[in-house]
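Residue-level structural notes
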Amino acid sequence: MRFRHPDGSTVHLAYCTNVHPAETLDGVLAQLRDHCEPVRRRLGRDRLGIGLWLAKDAARALVTDPAALRGLRCELERRGLEVVTLNGFPYEGFGAEEVKYRVYTPDWADPERLEHTAALARVLAGLLPEDVTEGSISTLPLAWRTAYDDERAETARTALRTLAERLDALEELTGRSIRVALEPEPGCVVETTRDAIAPLTAVGHDRIGICVDTCHLATSFEDPGTALDDLARAGVPVVKSQLSAALHAEQPHLSEVRAALAAFAEPRFLHQTRTATAAGLRGTDDLDEALAGDALPDAGPWRSHFHVPLHAAPAAPLTSTLPVLTSALTRLVGGPHPLTRHLEVETYTWQALPPELRPRGRAQLADGIAAELTLARDLLTDLGLKELP
């Protein structure tokens, strides 16, 4: 979906396909047929943006076989789909029964992460629509915080500088400008937007910036205005933003609130949980850990890294951090010029919701994704953007 900003520029809105598990190119092609095109039809649009997630094997197949890349591009066009952004965070196995900490490997100190991201950039340059010259890729925020020392930090910085050089060369070759965005996430080396400033300044290249995920922003109790002001002062570009909402519990000391939260503690994904205290942010690596005894102070609200559907807040006594998303979006695209032109709805946890909230079959999932995109579209038009055909 495309929108005209009042300044005349085009803002792209997509939804991320990591909600649909696929490790191979055949699986990706099936996603387009079984999920993405049905979502587009529900929205009544001739064109729908998707943020592709390409696992290691799918990316390799595309970057080593020009015919396969041409075939994917033709299939996108045939189904009324377009790609300007990729989710390069998960490397493989995102559809596994247990993902948890595995999603953070390989990290930016491992050569595989550089090679995978460079391959994604080459693929994206070949998938961009004819009238689009800029693409974006979100990626791991350096590494999970453990086992990350000064030596690995320097290796990661070197890898990002090498990537920037390859992206420069790619633009010379193709005329397409691809930028990569570190995506701050609770528990990682770069947990907050402020944590991103020092390493990105050290890399010192405008092709490497930040992806503002509004679920992660909210989970870490960051104020969107302050976060974006800090990035602007530091000269860190917002390459893309993922529109998402976290799980919010206002009174976690109450037994009924804890019982409601427990329904969201599930074995597949990590749900880092945070609370703001007078002494600073306190947290646990997962929601069930927070619920175990007194692992986390409960005098103030808790927020958990669980991407809840944008249009459907959890039932009381829980809610979502949709107001944080709305506030961030106002700053991102509501001013005289957009801070980013790539927006992506990323709710990959539909099948991890409590059983009674999960979609039953493809049709219900497509309905839900379309409803999320409709909400995002309405937020954008309320900010003065005009939806394009």
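A brief report on the enclosed structure follows. On a predicted model such as this, the values are computed, not experimentally measured, just so you know.

Here's the deal with the pairing of strand 2 (residues 10-16)
Summarising burial for strand 2: 6 of the 7 residues are buried, a large majority. Summarising the sheet, strand 1 (residues 2-4) and strand 2 pair through 3 bridges and their orientation is antiparallel. Counted as the bridge partner of Arg2 is His12 from strand 2. Here strand 1 folds back onto strand 2, and the loop between the two strands holds 5 residues, one of which, Gly8, carries a positive phi near 100°. In terms of strand pairing, strand 2 meets strand 14 (residues 342-345) through 4 bridges, oriented parallel. Residue pairing across strands places His12 opposite His342, the latter belonging to strand 14.

Focus on the nonpolar core
Counting 118 residues, the largest nonpolar core has Leu13, Tyr15, Ile50, Leu54, Trp108 and Leu373 as its most contacted members. For this core, the element with the highest residue contribution is helix 12 (residues 362-382), accounting for 9 residues. If sequence neighbours within four positions are ignored, Leu54 has contacts with Val28, Ala59, Leu62, Leu86, Asn87, His116, Leu120 and Val123.

Looking at the sheet that holds strand 13 (residues 318-320)
Strands sit in the order 11-10-12-9-13 across an open sheet of 5 strands; the sheet is antiparallel. Because the sheet does not close on itself, it has two edges, and the strands there are strand 11 (280-284) and strand 13. Mean inter-strand twist for the sheet, computed between neighbouring axes without regard to direction, equals 30°. Direction of pairing for strand 9 (residues 245-249) relative to strand 13: antiparallel, over a ladder of 3 bridges. Note on strand 13: the bridge partner recorded for Ala249 is Leu318.

Remarks on the environment of Leu52
Here Leu52 is to be found in strand 3 (residues 48-53). Residue Leu52 is classed as buried on the basis of its relative accessible area of 0%. Between the C-alpha atoms of Leu52 and Ala313, which are 261 residues apart in sequence, the distance is 26 Å. For Leu52, the residues in contact, after removing those within four places along its chain, are Thr17, Val28, Leu72, Val83, Thr85, Leu86, Asn87 and Leu127.

Some remarks on the packing of helix 2 (residues 56-64) against helix 3 (residues 66-78)
Between helix 2 and helix 3, the shortest axis-to-axis distance is 5 Å and the interhelical angle comes to 110°. Regarding the angle of helix 2 to helix 3, the classification is roughly perpendicular. Contact residues: helix 2 offers Ala61, Leu62 and Thr64, while helix 3 offers Pro66, Ala68, Leu69 and Leu72. Along the lines of polarity and charge, the residues of the contact of helix 2 with helix 3 split into 6 nonpolar, 1 polar and no charged.

Notes on the pattern of salt bridges
Going through the model one piece at a time under the given rule, you end up with 32 salt bridges. Here Glu191 and Arg274 are joined by a salt bridge, their closest N and O atoms 3.0 Å apart. Highlighted residues: Glu191 in the loop between strand 6 (177-182) and helix 6 (193-203) and Arg274 in strand 10 (residues 273-277), separated in sequence by 83 residues. For Arg274, a relative accessible area of 6% corresponds to the buried category. One salt-bridge network, held together by shared partners, links Glu37, Arg40, Arg41, Glu75, Arg78 and Arg79.

Points about the packing of aromatic side chains
The tally for this structure, following the rule as stated, stands at 8 aromatic pairs. Judged by centre distance (5.2 Å) and plane angle (65°), the rings of Phe94 and Tyr348 are edge-to-face. With Phe94 in the loop between strand 4 (81-87) and helix 4 (111-127) and Tyr348 in the loop between strand 14 and helix 12, the pair connects residues that are 254 residues apart, well separated along the chain. Given a relative accessible area of 10%, Tyr348 falls into the buried group. Aromatic side chains Phe269 and Tyr348 sit 4.9 Å apart centroid to centroid with 75° between the ring planes, which places their arrangement in the edge-to-face category. Separated by 79 residues along the polypeptide, Phe269 in the loop between helix 9 (255-262) and strand 10 and Tyr348 in the loop between strand 14 and helix 12 bring together distant segments of the chain. Each member of the pair Phe269 and Tyr348 is classed as buried. Members of the aromatic cluster, joined through ring pairs, are Trp53, Phe94, Phe269 and Tyr348. Positioned over the ring face of Phe221 is Arg303, at 4.4 Å from the centre of the ring.

Reading the values: the criteria
- Residues numbered from 1 in each chain as written.
- Predicted model: local features only at pLDDT ≥ 70, side-chain atom pairs only at ≥ 80, totals over all residues.
- Heavy atoms only, no water.
- Buried < 20%, exposed > 50% of the residue type's maximum accessible area, 1.4 Å probe, protein only.
- Helix = DSSP H or I, 4+ residues; strand = E, 2+ residues; numbered from the N terminus.
- Pairing = 2+ DSSP bridges.
- Core = buried A, V, L, I, M, F, W, Y, C linked by side-chain atoms within 4.5 Å.
- Contact = heavy atoms within 4.5 Å.
- Axes fitted to C-alpha atoms, helices over the stretch in contact; angles between N-to-C directions.
- Parallel < 35°, antiparallel > 145°, perpendicular 65-115°, else oblique.
- Nonpolar A, V, L, I, M, F, W, Y, C, P; charged D, E, K, R; others polar.
- Salt bridge = Lys/Arg side-chain N within 4 Å of Asp/Glu carboxyl O.
- Phe/Tyr/Trp six-rings, centres within 6.5 Å; stacked < 30°, edge-to-face > 60°.
- Lys NZ or Arg CZ within 6 Å of the ring centre and 35° of its normal.

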